[in-house]
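Understanding the architecture of this molecule
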Amino acid sequence: MSPKTMKLLAKPMLFAAALIWGTSFFIMKNALDVIPVFFLLAVRFTAGAVLLALVCWKKWKDFTPDYLWRGAVIGGFLFLAYSVQTFGLALTTPSKNAFLTAVYCVIVPFLTWAVVKTRPDRYNIAAALLCVTGVGLVSLTGELTVNTGDLLTLCCALFYASHIVAVAKVSPGRDITLLTVFQFAFAALYAWVCGACTETFPASALTDPAVLLPMVYLCVMATTVALLFQNVGQVWSDPASASVILSLESVFGVASSVIFYGDEVTAQLLAGFALIFVAVVCSETKFSFLKRRA
């Protein structure tokens with residue numbers, strides 16, 4: 001396709017990726033009722049690695065042995081992020097899980113400061129304050145306590161931020177799609193090992209259409225297709241627009257959870273969601289779109 005066509009398709013691809021990931025929260029919640037966390041992730045990452053390896057088969061000529069340790073490192077962070085998020089999802093609502101996960105966008109600048117000594121700017125600090133306020137509104141109960149699921153989800157946001165910083169450190173000079181294959185493969189390996197040590201795999205579950213269809217969606221759409229859409233969309237669009245569109249994942253997560261899962265949405269919850277969303281936009285774009293319009 002021509003560059004002009006790719007630029008036209010880029011933002012719809014990013015929008016589709018955000019929509020796919022947003023709807024995956026309540027779908028994964030249903031799958032967790034039958035399949036334990038580690039085995040669910042093992043199946044998902046194994047399928048993702050195989051499918052992505054087939055899709056990018058022409059890139060295998062660029063393989064070098066260092067892809068292995070690089071994939072092992074970022075695969076480890078990805079496994080930790082998804083594991084903690086999935087355990088958190090089992091103990092909170094899909095809508096809260098979706099929005100609290102988005103906090104990673106605000107954590108990244110501060111983690112980057114700690115790792116590569118790049119100081120956050122005033123927009124990052126403002127985003128952090130907005131985000132903390134929003135998280136409080138979303139997570140705190142009437143007794144000013146935070147439930148375990150919300151706390152785990154916040155921990156997963158930290159691991160997602162660590163994963164982003166790790167990818168930035170180990171990916172330069174390497175094909176990102178091929179590196180992602182090894183990332184998925186090692187994440188699957190870690191999940192299979194943890195599952196074998198701590199869980200019992202319900203083999204009969206994969207023959208149940210009520211479980212099999214959600215797993216196919218998670219493996220094919222939420223892992224392989226969405227990742228490809230994200231990669232292509234980010235290449236052919238500006239970073240500010242891409243980050244705003246991808247942050248809609250949390251909005252779609254709430255909407256799908258309310259429509260399909262019956263989550264209750266209160267005024268306090270909506271206010272918290274709004275503050276977290278503004279914090280993400282502030283951190284990712286620094287409101288550059290308003291400056292251009294002015």
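Each value, and the rule that gives it
Residues numbered from 1 in each chain as written. Predicted model: local features only at pLDDT ≥ 70, side-chain atom pairs only at ≥ 80, totals over all residues. Heavy atoms only, no water. Helix = DSSP H or I, 4+ residues; strand = E, 2+ residues; numbered from the N terminus. Buried < 20%, exposed > 50% of the residue type's maximum accessible area, 1.4 Å probe, protein only. Contact = heavy atoms within 4.5 Å. Axes fitted to C-alpha atoms, helices over the stretch in contact; angles between N-to-C directions. Parallel < 35°, antiparallel > 145°, perpendicular 65-115°, else oblique. Left-handed = near helix turned anticlockwise from the far one by under 90°. Nonpolar A, V, L, I, M, F, W, Y, C, P; charged D, E, K, R; others polar.

On the secondary structure map, Q85 appears in helix 3 (residues 66–89). Judged by relative accessible area, Q85 falls into the buried class, the value being 4%. Setting aside chain neighbours within four positions, we find Q85 in contact with F25, N97, T101, C156 and Y160.

Structurally, R70 can be placed in helix 3. Judged by its relative accessible area of 13%, R70 is buried. If near-sequence neighbours (up to four positions away) are discounted, R70 is found in contact with V170, R174 and L179.

Bringing the packing of helix 3 against helix 8 (residues 176–198) into the picture now. Look at helix 3 against helix 8: their axes get within 7 Å of each other, and the N-to-C directions meet at 55 degrees. By the criterion of interaxial angle, the relationship of helix 3 to helix 8 is oblique. In the packing of helix 3 onto helix 8, the handedness of the crossing is right-handed. Only L178, L179, F182, Q183, F184, F186, A187, Y190, A191 and C194 of helix 8 make contact with helix 3, whose side of the interface consists of Y67, L68, R70, G71, A72, I74, G75, G76, L78 and F79. Of the residues assigned to the contact of helix 3 with helix 8, the class counts are 15 nonpolar, 4 polar and 1 charged.

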